[in-house]
Amino acid sequence: MGPRLVSVSISFGGMLIFAMMLGLVSDAISEKLDSLRKGRSEVVEQNHTLILGWSDKLGSLLNQLVIANESLGGGIVVVMAERDKEEMELDIAKMEFDFRGTSVICRSGSPLILADLKKVSVSKARAIVVLADDGNADQSDARALRTVLSLTGVKEGLRGHIVVELSDLDNEVLVKLVGGELVETVVAHDVIGRLMIQCARQPGLAQIWEDILGFENCEFYIKRWPQLDGMQFEDVLISFPDAIPCGVKVASRGGKIILNPEDSYVLQGGDEVLVIAEDDDTYAPGALPMVWRGSLAGDFIVPKLTEKILLCGWRRDMEDMIMVLDAFLAPGSELWMFNEVVESERERKLIDGGLDLSRLVNITLVHREGNAVIRRHLESLPLESFDSILILADESVEDSAIQADSRSLATLLLIRDIQAKRLPYREAMVTRGQRGSFSRGSWIGEMQQASDRSVIISEILDPRTKNLLSMSKISDYVLSNELVSMALAMVAEDRQINDVLEELFAEEGNELHIRLAELYLHEGEEMSFYEIILRARQKREIVIGYRLENAERAVINPPNKNKRRRWSVKDVFVVITEKE
């Protein structure tokens, strides 16, 4: 009896211990699975792109990074935000684009906590992108500043650079002070403001900027080509069959990038060439072709005419936009400001922002108060007389992309309708007949012909609104979130490109321009693209593409550059040239 009792006791004890161990193992596995599901586990990747934060721009940014990594067979992008991992993965799965071999890993955590940063292998990332929060600009930039401080405190150090998206230009100095050499900044609001001004003055420039900033078409690359050492820049220009050289990264000047250098500049040892190309592995220098230069078709003096521009709405950086316009426009130009801010309050806001009204030399400010979505208020303006109209995402609704876009779209439709009603009937009929895409009596047909009279640039925040505008063809547009995402992705892939973009956006240095073909050639003249490149060099311009008279889109970095073709004086060329 005793041995049986002992054996039964041992059996029960063993079962009890086994059950306890099984429970402990089960709990451990459940805890581990829960940790994995909630994004608390450590990322073991290296050489990845790390995105800190979550905003409306994430979809466009991921899409651009995916396209950039396609030639490598895909890459790894890690997203860390203070959201649930499963929610983030669900939102990313809803994004309608092909990931093309790129893996996107989500983790839940705060960039202000060093343990969370360690969890996403921050020290092994090749680039770190800090996204601005949707909402208040100052709060968003303050958080970005704290994130940069947190990143500089990583004990292991950082392998990659930090790309910080800021909302306000005034906060850029602080972030650069804290981040030092590690940081590249992209000030979203400032970039879009400057692009709007450039695109308003040159219809069609918005599409060209989309092509150059995005990775889908052609973009900027910098590479060293030892076989070009000792060659003049004029010859370098026609040495790449599949790319267009735009500048030189000069080794003797500490790696400074010089856009559009002198023809006589001779490439030295260590110099790198900045080009516009399809991808970093799609171009290489070839044999130097024989190209006939010829002479310019006529007088190249492009008269700077006075302009009359209308700004609808009020932006945070209004004073910066006014200063940029004053630098760009001809003396005697008028800038009309139409918004709901009281006139006395406007002056105070502009002065607080750092604008000295007495230093404006080229423009005169004309103030009008009113609501841009009320027809009666808009009808009080001479809408038919403006060269350009800029519809801004108003400061009062900029926190809500859909609300801001609805307002912009309503303003656009009202302005075009008022313009159409004021144009002479006969002229409207002729122009509408040429357009031909809508019936003669349709309201959208009337607004389309009005769009030939003045350029309207709408600041659009949501990509879905873009489709509405591009279908109607009644407005050129600037798509804020998408263009900023493109710039962020480009700087994340190669930080040197930020210097190039900053110069092209700034008031001084070089910029993109659209030139009429008649400045370079005669009607029906047969020339190759290389010949046009060399002809434009007589005015120190770099031709990067063209748009034919009847084409809807421009061709950047065209193929078969040595093939001759017949041109029309109504074609246009896209050039990089010094600001006038």
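The name given to the protein in an unreviewed UniProt entry is RCK N-terminal domain-containing protein, with Gossypium barbadense as the source organism. Turning to the protein, the UniProt record has this under Subcellular location (unreviewed entry): "Nucleus membrane". In UniProt, the protein has this text filed under Sequence similarities (unreviewed entry): "Belongs to the castor/pollux (TC 1.A.1.23) family."

Participant: Would you explain the overall build of the protein in this entry?
Facilitator: In terms of helices and strands, the protein carries 19 helices and 22 strands. Across the 580 residues in the protein, those meeting the buried criterion constitute 55%. Sequence-distant contacts, at least 24 apart, represent 77% of the contacts inside the protein between residues at least 6 apart.

Participant: Help me understand empty space enclosed by the protein, please; the structure alone is not making it clear to me.
Facilitator: Summary: where empty space remains is shown by rolling a probe the size of a single water molecule over the atoms. Counting across every chain of the model gives four cavities of 30 Å³ or more. In this model, the largest cavity occupies a volume close to 50 Å³. Along the walls of the largest cavity sit Cys312, Gly313, Ala372, Ile391, Leu392, Asp394, Arg407, Ser408 and Thr411, which together make up its complete lining. If one sorts the elements of the lining of the largest cavity by residue count, helix H13 (residues 401-422) sits on top with three residues. For the lining of the largest cavity, the class distribution of residues is four nonpolar, three polar and two charged.

Participant: When you look at the packing of aromatic side chains in this model, what are you seeing that I'm missing?
Facilitator: One pass over the structure, following the stated rule, counts 10 aromatic pairs. Judged by centre distance (5.7 Å) and plane angle (65 degrees), the ring pair of Trp225 and Tyr283 falls under edge-to-face. Separated by 58 residues along the polypeptide, Trp225 in the loop between strand E7 (219-224) and helix H9 (233-236) and Tyr283 in the loop between strand E10 (272-277) and strand E11 (308-312) bring together distant segments of the chain. Its relative accessible area of 4% is what places Tyr283 among the buried residues. Plain terms: the ring middles of Phe240 and Tyr283 are 5.9 Å apart, the flat faces sit at 55 degrees to each other, and that makes the pair tilted. One end of the pair, Phe240, is in the loop between H9 and strand E8 (243-250); the other, Tyr283, is in the loop between E10 and E11, and 43 residues separate them in sequence. Taken together, the ring pairs in this structure connect Tyr520, Phe529, Tyr546, Trp567 and Phe573 into an aromatic cluster. Positioned over the ring face of Trp567 is Arg565, at 4.8 Å from the centre of the ring.

Thresholds, definitions, all that
- Residues numbered from 1 in each chain as written.
- Predicted model: local features only at pLDDT ≥ 70, side-chain atom pairs only at ≥ 80, totals over all residues.
- Heavy atoms only, no water.
- UniProt positions renumbered as here; feature names shortened; annotations may be inferred.
- Helix = DSSP H or I, 4+ residues; strand = E, 2+ residues; numbered from the N terminus.
- Buried < 20%, exposed > 50% of the residue type's maximum accessible area, 1.4 Å probe, protein only.
- Contact = heavy atoms within 4.5 Å.
- 1 Å grid on protein atoms, 1.4 Å probe; cavity = no way out; pocket = protein on both sides within 12 Å on 5 of 7 lines; lining within 4 Å.
- Points joined across faces, edges and corners; volume = space filled by probe spheres on them.
- Nonpolar A, V, L, I, M, F, W, Y, C, P; charged D, E, K, R; others polar.
- Phe/Tyr/Trp six-rings, centres within 6.5 Å; stacked < 30°, edge-to-face > 60°.
- Lys NZ or Arg CZ within 6 Å of the ring centre and 35° of its normal.

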